[in-house]
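Examination of the molecular architecture
Okay, here's what each chain looks like letter by letter:
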There are 2 protein chains.
Amino acid sequence: MTGPRYTPLVASLPATVPFVGPETQERARGAAFRARLGANESLFGPSPRAIAAMEQAAREVWMYGDPENHDLRQALAAHHRVSPANIVVGEGIDGLLGYLVRMLVGTGDPVVTSDGAYPTFNFHVAGYGGTLHKVPYKADAEDPEALIARAAAVGAKLIYIANPDNPMGSHHPAATIRAMIDACPDGSLIVLDEAYIDLAPDGTAPDIAADDPRVIRMRTFSKGYGMAGLRVGYAIGDAPLITAFNKVRNHFGMGRIAQAGALAALADQAWLAEVRTRVAAARARVGAIAAENGLTALPSATNFVTVDCGRDGDFARSVLKECVARGVFIRMPFVAPMDRCIRISLGDDTALDVLAEVLPQALAAARG
Amino acid sequence: MTGPRYTPLVASLPATVPFVGPETQERARGAAFRARLGANESLFGPSPRAIAAMEQAAREVWMYGDPENHDLRQALAAHHRVSPANIVVGEGIDGLLGYLVRMLVGTGDPVVTSDGAYPTFNFHVAGYGGTLHKVPYKADAEDPEALIARAAAVGAKLIYIANPDNPMGSHHPAATIRAMIDACPDGSLIVLDEAYIDLAPDGTAPDIAADDPRVIRMRTFSKGYGMAGLRVGYAIGDAPLITAFNKVRNHFGMGRIAQAGALAALADQAWLAEVRTRVAAARARVGAIAAENGLTALPSATNFVTVDCGRDGDFARSVLKECVARGVFIRMPFVAPMDRCIRISLGDDTALDVLAEVLPQALAAARG
């Protein structure tokens, strides 16, 4: 008896995972977290109308979801004033990034991203054998000019940029992204990850013609819409590119509850506006908590605040560890010099009360 | 401006889809189906306890699901008396088949299946550039000996067999599958798709050592458990193979509602037993309806009945078309000689009343 014969590529891949989930940490520590502020989930939750739609769909879940995601794509197209042919829905941005990388990237194909940007994108590029070229952050933000220059130099098939950025919470105005698209090298495709755009200041999202073949935008119901556990993302792009997803996607991958919940959430823009208000208030409070502890909250265009701990990565890692040990789940950037920071998702008052209680203790412990 | 540069493989793929969904047909005909009996969904629905768990999880869906699917894997392992290290959970069997093919099949790699078996498996093999070798059905059943012989001849990396079979509803006893595994050529992996096993006669599922490297079993919550629209499947296999899924899977792909619903459904085995009883009664009724119309229902080990229309594929296609035109959604085998049949999912009395009303009309129309 022999085992399966993996492809050479898969045989060569490490069994690492992009992220360790909070449940894994809770099992390890033998207790639930007091405040869940590490995964940029929305503690403000989804629209009550979306919850009602999901409850209704649960009773109809014996039926497969529509494999064309017709009603949701129609609604998204109307919302963005594009055609449904410009919209593909998938299993979160993570799922869509996987399909996109598969469509474009083969062994050795060059891809450009920022050093310290979204690890799951890197996971997919490695998973299809691509070669990642990383450019450094500049002043705690992704550097569009450097990304474009590197892409031109290496002949990148894909250029990844998130705006607003995770993990720093920074953002570029629409004009900067617009200029980046206009400078896109021939044969490159920009992946504009706008997961956090619903929380960003007005004027952050550029106008992009739906049929612009140089860029594909990624959006999600996980952040502003508060449904990370539903797994619904979508992409907006040139119709031939969007159609090509049908060659590889899991056609029945979007379940019935997922489609119903997203459709209802999209229809409740008043809830999204309410979430924006609450996020703004929570940003201010985290800023105040940071200041009370002698730390500096960086400007945030997202549903999290990245807090500069004022020393090196080892110190920030120590602060994070002490927060986690006290029941506050947070994360932090992986790469220097951004790893001088911790990253705190924006929560409700109950969660931020716990943060205000624990952070001084964690800092004291980290300072030894 | 140029468009994206696809991989040569993806550029060569057709934009076909494995199945057209019933919603697409409903939009084309401008009316809802009166009876939804084409996708082997369970009209008997999920456990009420599963519905309650999904409703509860809908209120907690702001949280990502546990990326390790820990609680569900623990429960599945206990249910099957294996270790959690032998269980991987994924986005339906469709999703897991995609990951598995990706792990093993590269351009030109040989894969064996039956001609007329599950198209979505073929979709994945084509999608990763594999070469499909097909053996014919034998007496309306998959032919394990022929599959093994062809696999040995071509050096297949994967051998697909569904037991019970879709689309014919036939099954092999455990001993036959056991003999197939024992005859598995070195370097081949058998994919034993047991999507319908929960509806099969006792003695259909073979005992397989969890660490047998020659076979991976696929199970689902879509059929007997009645949650097709939730998208939860799992595989049971040798721990190294199961671990290798972590190299490629969408780690946060299983949402919070999906995990909660599956966990509650698994705990309610009494509901599954009730569904088996109802399925048996519905089988008998479809058999009677077929007989009243001069047709022959084939024996079924599944939640559908395949009905021999007694003439050629053109006639069966005509019967199907006339059923669909009258609001009864059914499907049929694609390949001769099985395409002399139509395939009717097992429904409740309401749906089967519609079938009993419409089938004679459809036959009369098809007979011209």
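The shown structure was predicted, so the numbers you read here are calculated from the model rather than taken from an experiment.

1. Re the overall build of chain A
If you tally the helices and strands in chain A, you get 13 helices and 12 strands. Across its three principal directions, the C-alpha atoms of chain A cover 60 × 55 × 50 Å. Counting every position in chain A, which comprises 368 residues, the buried fraction comes to 65%. Of the contacts formed within chain A by residues at least 6 apart in sequence, a portion of 73% connects residues at least 24 apart. Total accessible area on chain A stands at roughly 12300 Å², and carbon and sulfur atoms take up 54% of it. Distance between charge centroids for chain A: 4 Å, based on 35 positive and 39 negative side chains.

2. A short note on the sheet that holds strand S7 (residues 215-220) of chain A
Residues and elements named next belong to chain A. What the 7 strands build is an open sheet, ordered S2-S8-S7-S6-S5-S3-S4; its pairing is mixed. Strands with a single pairing partner mark the edges of an open sheet, and in this sheet they are strand S2 (87-90) and strand S4 (131-135). Within the sheet, the average angular offset between the axes of one strand and its neighbour, ignoring direction, is 20°. Here strand S3 (residues 110-114) runs beside strand S5 (residues 158-162); their pairing, made up of 2 bridges, is parallel. In the sheet register, valine 112 faces S5, and the bridge partner there is isoleucine 159. Contacting S2, S5, strand S6 (189-193), S7 and strand S8 (233-236), helix H5 (residues 92-104) runs over the sheet at an angle of about 155° to S7.

3. Some words on the packing of aromatic side chains
All chains considered together, the criterion is met by 12 aromatic pairs over all chains. When the centroid spacing of 4.7 Å and the interplanar angle of 25° are considered together, the rings of phenylalanine 121 of chain B and tyrosine 160 of chain B count as stacked. Of this pair, phenylalanine 121 of chain B sits in helix H6 (residues 119-127) while tyrosine 160 of chain B sits in strand S5 (residues 158-162), and the two are 39 residues apart along the sequence. Across this residue pair, the class does not change: phenylalanine 121 of chain B and tyrosine 160 of chain B are buried. Measuring from ring centre to ring centre gives 4.8 Å for phenylalanine 221 of chain B and tyrosine 225 of chain B, while their planes differ by 45°; the resulting arrangement is tilted. Classification of tyrosine 225 of chain B as buried rests on a relative accessible area of 3%. Through a chain of ring-to-ring contacts, the aromatic side chains of Phe221, Tyr225 and Tyr234 of chain A assemble into a single cluster. Its guanidinium or amino end placed over the ring of tyrosine 128 of chain A, arginine 102 of chain B lies 3.8 Å from that ring's centre, counting from NZ or CZ.

4. Observations regarding the relation of the copies chain B and chain A
After a rotation of 180° and a shift along the axis of 0.0 Å, chain B superposes on chain A with an RMSD of 0.0 Å. In short, the pair behaves as if placed about a two-fold rotation axis. Across chain B, the smallest distance between a C-alpha and the rotation axis is recorded for glutamate 55 of chain B, namely 2.5 Å. Both copies present the same face, since 100% of the interface residues in chain B are matched by interface residues at the equivalent positions in chain A.

5. Focus on the sheet that holds strand S9 (residues 296-297) of chain A
Residues and elements named next belong to chain A. Taking strand neighbours across the sheet as the criterion, the 3 strands line up as S9-S10-S12 in an open arrangement whose pairing is antiparallel. Looking at the sheet topology across the chains shown, the edges are occupied by S9 and strand S12 (341-345). Bridging between strand S10 (residues 304-308) and S12 involves 5 bridges; their strand directions are antiparallel. Each bridged residue has a counterpart across the sheet, and for valine 307 the counterpart in S12 is isoleucine 342.

6. Section: the interface of chain B and chain A
Contacts between the two partners involve 83 residues from chain B, matched on the other side by 83 residues from chain A. Across the chain B to chain A interface the summed buried area is about 7200 Å²; carbon plus sulfur atoms make up 60%. Our count for the chain B to chain A interface comes out at 8 salt bridges. A salt bridge links glutamate 23 of chain B to arginine 256 of chain A; the nearest nitrogen and oxygen atoms lie 3.3 Å apart. At the surface where chain B touches chain A, the tally comes to 44 residue pairs in polar contact (both at pLDDT 80 or more). If you list the elements that add at least two residues to the side of chain B that touches chain A, you get helix H1 (8-12), helix H2 (22-29), helix H3 (48-58), helix H5 (92-104), H6, helix H9 (239-244) and helix H10 (256-267) of chain B.

7. Description of the UniProt feature "domain: Aminotransferase class I/classII large" (unreviewed entry) in chain A
With numbering aligned to this structure, UniProt lists the feature "domain: Aminotransferase class I/classII large" (unreviewed entry) at residues 37-359 of chain A. Counted over residues 37-359 of chain A, helix gives 40% and strand 15%. Its end C-alpha atoms are 13 Å apart.

8. Let's talk about the domain arrangement of chain A
Quoted interface sizes are often the accessible area lost when the parts come together. Residues and elements named next belong to chain A. Here chain A is described as being made up of domain 1 (19-45 + 270-367) and domain 2 (48-267). A C-alpha centroid distance of 25 Å is found between domain 1 and domain 2. Facing the 27 residues of domain 1 at the interface are 28 residues of domain 2. For domain 1, the biggest contributors to the area lost against domain 2 are Arg276, Ala301 and Met338; these three give 27% of the whole.

9. Considering the pairing of strand S6 (residues 189-193) of chain B
Residues and elements named next belong to chain B. With respect to burial, S6 is a largely interior element, 5 of its 5 residues being buried. Of the two faces of S6, both are covered, the one formed by Leu189, Val191 and Asp193 as well as the one formed by Ile190 and Leu192. As judged from the 5 bridges shared by S5 and S6, these two strands associate in the parallel manner. Bridging across to S6, alanine 162 finds its partner in aspartate 193. What joins S5 to S6 is helix H8 (residues 174-182), and the crossover it makes is right-handed. Relative to strand S7 (residues 215-220), S6 runs parallel, the two being bridged by 4 bridges. What sits directly across from valine 191, in S7, is isoleucine 216.

10. Section: the side chain of aspartate 94 of chain B
Along the chain, aspartate 94 of chain B falls in helix H5. It is arginine 231 of chain B that comes nearest to the buried, bridge-free aspartate 94 of chain B among opposite-charge side chains, at 4.4 Å. Residue contacts for aspartate 94 of chain B: discarding those within four places in its chain leaves Asn250 and Phe252 of chain A together with Tyr118, Thr120, His124 and Arg231 of chain B.

11. Concerning the state of the cysteines
Here a disulfide denotes a covalent bond joining the sulfur atom of one cysteine to the sulfur atom of another. In this structure the tally under the stated criterion is 0 disulfides over all chains. The cysteine cysteine 309 of chain A is free of any disulfide, with cysteine 341 of chain A supplying the nearest cysteine sulfur at 6.8 Å.

12. Let's talk about the environment of alanine 260 of chain B
Residue and element names in this part refer to chain B. Topologically, alanine 260 is positioned in helix H10. Spatially, the C-alpha atom of alanine 260 lies 7.7 Å from that of alanine 50, the residues being 210 residues apart in sequence. Not counting residues within four places of it along the chain, the set of residues in contact with alanine 260 comprises Ala53 and Ala57.

13. Thoughts on the packing of helix H4 (residues 70-80) of chain B against H10 of chain B
Residues and elements named next belong to chain B. Axis separation between H4 and H10 bottoms out at 9 Å; the angle between their running directions is 25°. Between H4 and H10, the angle is such that the two are roughly parallel. Viewed along their axes, H4 and H10 form a crossing whose handedness is left-handed. For the pair H4 and H10, the contacting residues are Asp71, Leu72, Ala75, Leu76 and His79 in the first and Gln259, Ala262, Leu263 and Leu266 in the second. A breakdown of the residues in the contact of H4 with H10 according to their chemical character gives 6 nonpolar, 2 polar and 1 charged.

14. Some remarks on helix H6 (residues 119-127) of chain A
Across the 9 residues of H6 of chain A, 8 count as buried, placing the element largely inside the fold. Those residues of H6 of chain A that sit buried are Pro119, Thr120, Phe121, Asn122, Phe123, His124, Val125 and Gly127 of chain A. Buried-residue contacts for H6 of chain A involve helix H1 (8-12), H5, S3, S4 and S5 of chain A together with H5 of chain B. Immediately beyond the C-terminal end of H6 of chain A, within one or two residues, lies glycine 129 of chain A, with a positive phi of roughly 85°.

What counts, and at which threshold
- Residues numbered from 1 in each chain as written.
- Chains lettered and ligands numbered in written order.
- Predicted model: local features only at pLDDT ≥ 70, side-chain atom pairs only at ≥ 80, totals over all residues.
- Heavy atoms only, no water.
- Helix = DSSP H or I, 4+ residues; strand = E, 2+ residues; numbered from the N terminus.
- Buried < 20%, exposed > 50% of the residue type's maximum accessible area, 1.4 Å probe, protein only.
- Contact = heavy atoms within 4.5 Å.
- Areas by Shrake-Rupley, 256 points an atom, 1.4 Å probe, with all protein chains shown as cover.
- Lys, Arg positive; Asp, Glu negative; His and termini not counted.
- Charge placed at Lys NZ, Arg CZ, Asp CG, Glu CD.
- Pairing = 2+ DSSP bridges.
- Axes fitted to C-alpha atoms, helices over the stretch in contact; angles between N-to-C directions.
- Phe/Tyr/Trp six-rings, centres within 6.5 Å; stacked < 30°, edge-to-face > 60°.
- Lys NZ or Arg CZ within 6 Å of the ring centre and 35° of its normal.
- Least-squares fit on C-alpha atoms with pLDDT ≥ 70 in both.
- Buried area = accessible area lost by both parts, 1.4 Å probe.
- Salt bridge = Lys/Arg side-chain N within 4 Å of Asp/Glu carboxyl O.
- Polar contact = N/O pair within 3.5 Å; in protein donor to acceptor, adjacent residues only side chain to side chain.
- UniProt positions renumbered as here; feature names shortened; annotations may be inferred.
- Domains from an automatic or database assignment.
- Right-handed = clockwise from strand over helix to strand, strands pointing away.
- Disulfide = S-S within 2.5 Å.
- Parallel < 35°, antiparallel > 145°, perpendicular 65-115°, else oblique.
- Left-handed = near helix turned anticlockwise from the far one by under 90°.
- Nonpolar A, V, L, I, M, F, W, Y, C, P; charged D, E, K, R; others polar.

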